[in-house]
Amino acid sequence: MRMILLGPPGAGKGTQAKKLVEKYGIPQISTGDILREAVKNKTSLGQEAKSYMDKGALVPDSIVVGIIRERLHDSDCAKGYILDGFPRTVPQADELKKALKAMGQSIDFVLSIVVPNEDLIKRLTGRRTCKECGAGFHLLYKKPAKDGVCDQCSGPLFQRDDDKEDTIKNRLTVYNKQTEPLTQYYRKDGALVEIQGTGGIQDIFGRICAVVEKQG
Ligand code: AMP
């Protein structure tokens with residue numbers, strides 16, 4: 001099963017992708033995670049990407065397309081994968097199509113998670129991540145037992161630089177301008193399935209699984 005998770009920042013793509021990985025045993029490919037890891041390790045890729053990410057802007061297409069081209073050839077992608085946060089522009093979607101064609105593959109379906117703007121801002125500003133193990137928390141919806149401390153490994157929790165309010169607003173603007181057109185792009189291909197991304201994590205996951213069972 002090869003699927004794309006589409007949706008604005010804060011729609012819960014990462015959270016839902018992790019649950020899909022557990023249930024279906026295929027990898028999540030998140031360009032955001034790959035870029036954050038490169039920033040953390042101060043690689044040349046990370047140094048180039050950081051300035052864009054800190055502003056909430058998109059990293060140039062050529063960089064992320066290069067990352068994805070390489071990643072799709074890894075052996076763990078043989079049975080399928082979940083693309084999370086890629087593609088984010090029409091040129092990226094075109095490049096993905098080309099790369100997949102060359103590999104004799106195509107995407108089975110694109111799942112778009114729909115969430116109202118005001119919910120997104122609330123979700124993103126409250127998000128916290130463990131510096132040690134990467135576990136996710138939320139100040140409103142998934143509070144850690146002890147403020148600022150990870151329930152799983154006692155590591156310190158931090159707020160992503162790009163989850164500060166000004167950057168969030170910019171990320172949402174960028175989404176509406178550059179990524180939202182992809183819903184029309186994939187609708188035309190007959191590949192788009194939309195689900196409501198409001199309510200509890202488990203409810204949303206149920207909606208997603210229903211789509212996967214039907215399409216996958
Ligand atoms: P995410 O975790 O998916 O919200 O991504 C965090 C940041 O990484 C984005 O705001 C962009 O700066 C960058 N990024 C992630 N994926 C892409 C992509 N497909 N194209 C361009 N920039 C990306």
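Residues numbered from 1 in each chain as written. Predicted model: local features only at pLDDT ≥ 70, side-chain atom pairs only at ≥ 80, totals over all residues. Heavy atoms only, no water.

**Student:** Got a sec to walk through the sheet that holds strand β8 (residues 192–196)? Specific residues and values, please.
**Tutor:** Spatial strand order, β2-β3-β1-β4-β8: 5 strands in an open sheet with parallel pairing. The strands lining the two open edges of the sheet, one partner per strand, are β2 (28–30) and β8. Within the sheet, the average angular offset between the axes of one strand and its neighbour, ignoring direction, is 25 degrees. Bridge analysis of strand β1 (residues 2–6) against strand β3 (residues 81–84) gives 4 bridges, and the strand direction is parallel. Across the sheet, residue Leu-5 finds its bridge partner in β3, namely Asp-84. Each of β2 and β3 touches helix α2 (residues 31–40); the most contacted strand, β2, lies at about 60 degrees to it. (Pairing = 2+ DSSP bridges. Helix = DSSP H or I, 4+ residues; strand = E, 2+ residues; numbered from the N terminus. Axes fitted to C-alpha atoms, helices over the stretch in contact; angles between N-to-C directions. Contact = heavy atoms within 4.5 Å.)

**Student:** Can you explain the nonpolar core? Please cite residues and give values.
**Tutor:** The biggest cluster of nonpolar side chains holds 27 residues, and the ones touching the most others in it are Leu-72, Tyr-81, Leu-83, Leu-96, Ile-107, Val-110 and Tyr-186. Those elements giving two or more residues to this core turn out to be β1, α3 (44–55), α4 (61–71), β3, α5 (90–102) and α8 (181–188). Considering each element in turn, this core owes the most residues, 5 residues, to α4. Those residues in contact with Leu-83, other than ones at most four positions away along the chain, are Met-3, Ile-4, Leu-5, Ile-29, Ile-68, Leu-72, Leu-96 and Ile-107. Listed in part, the 23 residues of the second largest apolar core include Val-115, Leu-120, Leu-172 and Ile-208. (Core = buried A, V, L, I, M, F, W, Y, C linked by side-chain atoms within 4.5 Å. Buried < 20%, exposed > 50% of the residue type's maximum accessible area, 1.4 Å probe, protein only.)

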